[in-house]
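# Secondary and tertiary structure notes
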Amino acid sequence: MILYTPLPHELVFRGEEQGQMEMVVRCKGIPVAVRRETDDRWKISRIVSTNPYHYLSDEVKPGAYVAFREKTSVSLDEI
């Protein structure tokens, strides 16, 4: 990917340099990208959906916090 911008590299890629990773999860049936704030508290950074009605939800919006624990193992029944 080539990015033509007058901004310095540090401003364009500041989230990647700090080690902040996003994870896509479903929150109330809506796919969202979240970033970890604490062990069980995550902040919604963006909505990842093609359905325009998902962007109208007040409960699931960027900047809102959700609480869940990350799964470390998956049983064969869930696959």
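Residues numbered from 1 in each chain as written. Predicted model: local features only at pLDDT ≥ 70, side-chain atom pairs only at ≥ 80, totals over all residues. Heavy atoms only, no water.

Take a nonpolar patch on the surface next. On the surface, L3, L7, L11 and V12 cluster together to form a nonpolar patch covering roughly 340 Å² of accessible area. The exposure class of V12 is partly exposed, given its relative accessible area of 31%. (Patch = residues over 30% accessible without salt bridge, like charges linked within 9 Å, V, L, I, M, F, W, Y side chains within 5 Å. Areas by Shrake-Rupley, 256 points an atom, 1.4 Å probe, with all protein chains shown as cover. Salt bridge = Lys/Arg side-chain N within 4 Å of Asp/Glu carboxyl O. Buried < 20%, exposed > 50% of the residue type's maximum accessible area, 1.4 Å probe, protein only.)

With that settled, the discussion passes to the nonpolar core. In terms of nonpolar packing, the biggest core is built from 11 residues, these being V25, C27, I30, V32, V34, W42, I44, I47, V60, A64 and V66. Contributions of two or more residues to this core are made by β1 (22-27), β2 (30-36) and β3 (41-47). Discounting chain neighbours no more than four positions away, the residues touching A64 are W42, K43, I44 and E59. (Core = buried A, V, L, I, M, F, W, Y, C linked by side-chain atoms within 4.5 Å. Helix = DSSP H or I, 4+ residues; strand = E, 2+ residues; numbered from the N terminus. Contact = heavy atoms within 4.5 Å.)

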